[in-house]
Amino acid sequence: LCTGTISGSLADSYDELKDTIPRQNQLGSDETSIKDNGKKHWIWCITAATFSVFHIASTRSRAVLEELVGEEFAGHLNFDYFSANCSFAWNYWIKAQYCWAHLIRDIRFLKEKHPDKPTQAWAEQLLDRSRRLFSAWHRRDEMTTEGFRRSMITHRDRFLELVRNPPSTKDATNLAARFAIVQYVAGDSKDLHQYDLSQDYFRFMFADGVEPTNNHSEQQIRHCVIDRRITQGTRGEAGQRYHERMWTAIATCKKQDRSFFSFLLESITAKLNGQAAPTLLGA
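(A) Molecular detail of the environment of Ala48. Of note, Ala48 is situated in the loop between strand E2 (39–47) and strand E3 (52–57). Taking the relative accessible area as the measure of exposure, Ala48 reaches 6% and is therefore buried. Not counting residues up to four positions away in its chain, the partners in contact with Ala48 are Gln24, Gln26, Leu27, His216 and Lys255.

(B) Examining the packing of helix H1 (residues 2–20) against helix H12 (residues 260–272) more closely. One way to put it is that H1 packs onto H12 with a least axis distance of 9 Å and a crossing angle of 95 degrees. Regarding the angle of H1 to H12, the classification is roughly perpendicular. Residues Thr5, Ile6, Gly8, Ser9, Leu10 and Ser13 of H1 form the contact with H12, whose participating residues are Phe263, Leu264, Ser267, Ile268, Lys271 and Leu272. Classifying every residue of the contact of H1 with H12 by side-chain character gives 6 nonpolar, 5 polar and 1 charged.

(C) Focus on the environment of Arg158. Tracing the backbone through its elements, the reader meets Arg158 in helix H6 (residues 145–163). A residue is classified by how much of its surface remains accessible, and Arg158, at 46% relative accessible area, is partly exposed. Taking the C-alpha atoms as reference, Arg158 lies 46 Å from Arg258; in sequence the two are 100 residues apart.

(D) Geometry of the packing of aromatic side chains. Counted by the stated rule, this structure contains 23 aromatic pairs. Look at Trp100 and Phe204: their rings are 6.4 Å apart centre to centre, the planes differ by 75 degrees, and that puts the pair in the edge-to-face class. You can see Trp100 sitting in helix H4 (residues 100–113) and its partner Phe204 sitting in the loop between helix H8 (199–202) and helix H9 (215–220), a full 104 residues away along the chain. There is no split in this pair, since Trp100 and Phe204 are both buried. An aromatic cluster is built from Phe79, Tyr81, Tyr98, Trp100, Phe134, Trp137, Phe159, Phe179, Tyr201, Phe202 and Phe204, whose rings are joined through pairwise contacts.

(E) Fine view of the nonpolar core. One finds Val69, Trp100, Phe159, Leu175, Phe179 and Phe202 to be the most contacted residues of the largest nonpolar core, which totals 63 residues. The greatest single-element share of this core, amounting to 8 residues, is contributed by helix H5 (residues 117–137). When near neighbours in sequence (up to four residues on either side) are disregarded, Phe159 contacts Trp100, Leu103, Ile107, Leu126, Arg129, Ser130, Phe179 and Phe202. Counting 9 residues, the second largest nonpolar core, distinct from the first, contains Ile34, Cys45, Trp247 and Ala251.

The rules behind these values
Residues numbered from 1 in each chain as written. Predicted model: local features only at pLDDT ≥ 70, side-chain atom pairs only at ≥ 80, totals over all residues. Heavy atoms only, no water. Helix = DSSP H or I, 4+ residues; strand = E, 2+ residues; numbered from the N terminus. Buried < 20%, exposed > 50% of the residue type's maximum accessible area, 1.4 Å probe, protein only. Contact = heavy atoms within 4.5 Å. Axes fitted to C-alpha atoms, helices over the stretch in contact; angles between N-to-C directions. Parallel < 35°, antiparallel > 145°, perpendicular 65-115°, else oblique. Nonpolar A, V, L, I, M, F, W, Y, C, P; charged D, E, K, R; others polar. Phe/Tyr/Trp six-rings, centres within 6.5 Å; stacked < 30°, edge-to-face > 60°. Core = buried A, V, L, I, M, F, W, Y, C linked by side-chain atoms within 4.5 Å.

The following block contains the structure:
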C-alpha cells in the first residue's frame with residue numbers, strides 16, 4: 001500500500017515540484033544522513049517559499065545539487081559552508097548565501113575552546129563585530145535605503161578588516177580563508193581574474209528577501225530526522241521514493257495551509273481512476 005499505491009499516487013505531483021526548483025528566485029538547501037539497508041545515504045532538502053522537496057541520494061557530493069538545482073540556476077541559494085556546497089557555488093557561479101548561524105558557531109568555538117589566547121581574543125572581536133552588524137541589519141526599517149546601504153558597507157568592511165588579519169593558528173587562518181580574495185584563470189585564457197569569496201556571506205545585505213541563515217531549510221528537515229529515528233531508515237529504492245514523496249507532500253501542504261489528508265485522498269483517488277494528479281505548486 002505505501003510503496004505501491006500511495007507512493008505512485010504522489011509521483012507526478014512530486015516530479016512537478018522537482019522540475020520547478022531551478023526556476024525559483026530563492027532556495028535553501030540542507031542535508032542529513034539516513035540508512036538504507038544499513039548503508040549511509042543522504043536526505044537532501046530543497047526549500048522554496050511555497051514548497052519543500054526531499055530527495056534521498058547515495059552521495060553527499062555536489063552532483064546532487066547539480067541534479068536538483070541545476071547548473072543554470074540564477075536565483076539566490078542559502079546553505080552552509082560545506083565542501084559540496086562551496087564546490088557547486090564556485091564552479092557554476094551560484095549566488096550563494098552561506099549561513100551566518102554556522103559561522104558564528106565556529107567563531108564562538110574558537111573563543112571558548114581554542115587553547116591559543118590570541119585566537120580567543122580575535123574570535124571575541126569577531127563576535128562583537130557580528131553583533132554590531134546584525135544589530136544594524138535588524139534596524140533596517142528605521143533607516144533610509146541609502147542610509148541602510150552605507151551602514152551595511154561600513155559594518156561589512158570593518159568585519160572584513162578584522163577577519164582577514166587572523167592569528168597564525170591553523171584554525172584561525174582556515175576561518176579567515178572563507179573571506180579571501182582568490183585568483184583564478186577564466187576559460188581558455190591565461191588572464192588572471194579575482195573573486196571575492198566574502199560576497200557569499202554578505203548577499204543578504206543587498207538583495208531583497210535573502211536571509212543570512214539557513215535556518216528555514218534546517219527546520220524543514222527536522223521531521224525527516226524524527227521519521228528516521230522511528231523507522232530506522234529504508235530498505236530499498238521503493239522505500240526511498242515513498243519517503244521522499246510523503247515528506248515533500250506533508251511539508252508543502254503545511255506551507256500552503258492545505259490539508260495533507262485531503263490532498264492524499266485526492267491523489268489516491270485520481271491514481272485509481274486514471275485521472276491527472278493534483279498539483280502541489282499552490283495557487
